[in-house]
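Structural features, examined
Take a look at the letters that make up each chain.
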Amino acid sequence: FGALEKCSDLLEKFGGHELAAGLTIKAENIADFREKINSLSKESLDDNMLVPTIMLDAAIKVPYITIETVHDINRLQPFGVDNPNPAFAVRNIKIHKISVMSEGKHLRMTLFKDGKYLDSVGFGMGEYYHHLKEGDYIDVAFALEINDYKGFQNVQLILKDIKKVEES
């Protein structure tokens, strides 16, 4: 939005906020706008800003991943830009089962650690299926939610990232 403010002389109107913006521009100003907005981007962005990062709130032990924990976390709602959904990590967890859904778009895994099985879903993470197999150990970053299917509730990990644990 700040960059749009600096280009306002080329715009008919504009508006927005931290995560979205819109504008109206005359066709004859598009080339100048493109040049100016790209120049501003190069000045204000560095390579590290272009690398996706996940801010984790805590490493969590598997026995604490319960429906009660999810209910406690949900007391912090509403989640959004200024109050993101908490993200957790579990390291060195075993893939018990792995499959894909929606024609390979999404990943579904059952994970196992400390005597407990955990269901997990990775939306848009179907490509991981080709790099992982049952029995592999992984580190996972995730949010927690309650999956309610036909009246049966269980905790589900909503995967944000996966890293295969390298064998030593």
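If you're wondering where the values come from, they're calculated on a predicted model, not measured in any experiment.

**Focus: the pattern of salt bridges**
- Under the defined criterion, the tally for this structure stands at five salt bridges.
- Between Lys36 and Asp9 there is a salt bridge; the shortest N-O distance is 3.1 Å. You can see Lys36 sitting in helix α2 (residues 30-44) and its partner Asp9 sitting in the loop between α1 (2-6) and β1 (13-17), a full 27 residues away along the chain.
- Among the residues examined, Asp9 registers a relative accessible area of 57% and is labelled exposed.
- Several salt bridges converge on common partners, so that one network encompasses Lys133, Asp136 and Lys164.

**Some details on the environment of Tyr129**
- Within the fold, Tyr129 resides in the loop between β6 (116-122) and β7 (137-149).
- For the pair Tyr129 and Thr53, spaced 76 residues apart in sequence, the C-alpha to C-alpha distance is 22 Å.
- Not counting the four nearest positions on each side in its chain, Tyr129 is found in contact with Ile98, Ser99, Val100 and Leu107.

Rules used throughout
- Residues numbered from 1 in each chain as written.
- Predicted model: local features only at pLDDT ≥ 70, side-chain atom pairs only at ≥ 80, totals over all residues.
- Heavy atoms only, no water.
- Salt bridge = Lys/Arg side-chain N within 4 Å of Asp/Glu carboxyl O.
- Helix = DSSP H or I, 4+ residues; strand = E, 2+ residues; numbered from the N terminus.
- Buried < 20%, exposed > 50% of the residue type's maximum accessible area, 1.4 Å probe, protein only.
- Contact = heavy atoms within 4.5 Å.

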